[in-house]
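Secondary and tertiary structure notes
For reference, the chains in residue letters:
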Amino acid sequence: MIRTNEPEEMDIQSRSEHPGQARRSAGWIEVIAGSMFSGKSEELIRRLRRAKIARQKVQVFKPEIDKRFSQNHIVSHSEMKHESTNVRTAADVLANVDPDTEVVGIDEAQFFDNELIAIVDELAERGLRVIVAGLDQDYTGKPWEPMPQLLAVAEYIHNQDACDLHEVRAAGQLYATHF
């Protein structure tokens, strides 16, 4: 089937009209979502390290409420670390981004309010690569805002699956199996 009414790439004026095509040479949004213990922070740190290897200026933010492992780092359960800045609100993320920053990482996004959606979108409009990680559902399986909205506007989505470790005894040996 041939479509005759497709818009020209230049007809698309802004991200709000069409998220994928509008910023081909500008920034974009990546979302890493998944359950607890699925490796979201580890994947975020991996991507941030690769950006640093590419000599890009990286800034990382996490909500002030997240003090589990470190005050000034995001930390994965596998003990990978990356320096970060604690912020109270999503607006604080925007206020603290340096003018020469190229990549912004945000961990534990589920602890921010829905203002984060507009903040992330604005950063991408400025030409930044924005990588957001967080729980997409609460413990009852209900969507945990603002993650569903971030998933809706993201150019790239990575869904981390949890790895359940089960001990299995076979022939007198202990095996860890991944399901």
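Anything mentioned here points back to the structure above.
Below is a short write-up of the structure. Owing to the predicted nature of the structure, the values given are computational and were not obtained by experimental measurement. (Residues numbered from 1 in each chain as written. Predicted model: local features only at pLDDT ≥ 70, side-chain atom pairs only at ≥ 80, totals over all residues. Heavy atoms only, no water.)

Here we look at the nonpolar core
Counting residues in hydrophobic clusters, the biggest one holds 26 residues, and the most contacted among them are V31, V93, I106, L116, V120, L123 and L150. Going through the elements one at a time, β1 (28–34), α3 (90–96), β6 (103–106), α4 (115–125), β7 (129–135) and α5 (147–153) are the ones with two or more residues in this core. Broken down by element, this core gets its largest block of residues, 6 residues, from α4. Sequence-distant contacts of V93, defined by excluding residues within four places in its chain, comprise F61, V87, I106, F112, I119 and L123. A51, V103, I131 and A133 belong to the second-largest nonpolar core, a separate cluster that totals 9 residues. (Core = buried A, V, L, I, M, F, W, Y, C linked by side-chain atoms within 4.5 Å. Buried < 20%, exposed > 50% of the residue type's maximum accessible area, 1.4 Å probe, protein only. Helix = DSSP H or I, 4+ residues; strand = E, 2+ residues; numbered from the N terminus. Contact = heavy atoms within 4.5 Å.)

Some words on the environment of A133
Locating A133 in the fold gives a position in strand β7. C-alpha of A133 to C-alpha of A33: the two residues are 100 residues apart in sequence and 5.8 Å apart in space. Residues within four places of A133 in sequence aside, it is in contact with I32, K40, L44, I106, D107, E108, A109 and M147.

A few points about the sheet that holds β1
In spatial order, the strands read β5-β2-β6-β7-β1-β8; together these 6 strands make up an open sheet with parallel pairing. Each having just a single partner strand, β5 (85–87) and β8 (156–160) make up the two edges of the open sheet. The mean angle between the axes of side-by-side strands here comes to 20°, regardless of whether they run parallel or antiparallel. Pairing of β1 with β8, which is carried by 5 bridges, proceeds in the parallel orientation. If you follow V31 over to β8, its bridge partner there is I157. (Pairing = 2+ DSSP bridges. Axes fitted to C-alpha atoms, helices over the stretch in contact; angles between N-to-C directions.)

Observations concerning the packing of aromatic side chains
The full count for this structure, using the stated rule, is 2 aromatic pairs. Judged by centre distance (6.3 Å) and plane angle (75°), the ring pair of W28 and Y156 falls under edge-to-face. Linking W28 in strand β1 with Y156 in strand β8, this pair joins segments that are 128 residues apart in sequence. Judged by relative accessible area, W28 falls into the partly exposed class, the value being 30%. Ring centres of F111 and W144 lie 5.8 Å apart, and the angle between their planes is 90°; on these two criteria the pair is classed as edge-to-face. One end of the pair, F111, is in the loop between β6 and α4; the other, W144, is in the loop between β7 and α5, and 33 residues separate them in sequence. Residue classification places W144 among the partly exposed residues on the basis of a relative accessible area of 26%. (Phe/Tyr/Trp six-rings, centres within 6.5 Å; stacked < 30°, edge-to-face > 60°.)

These figures come from the coordinates and say nothing about function on their own.
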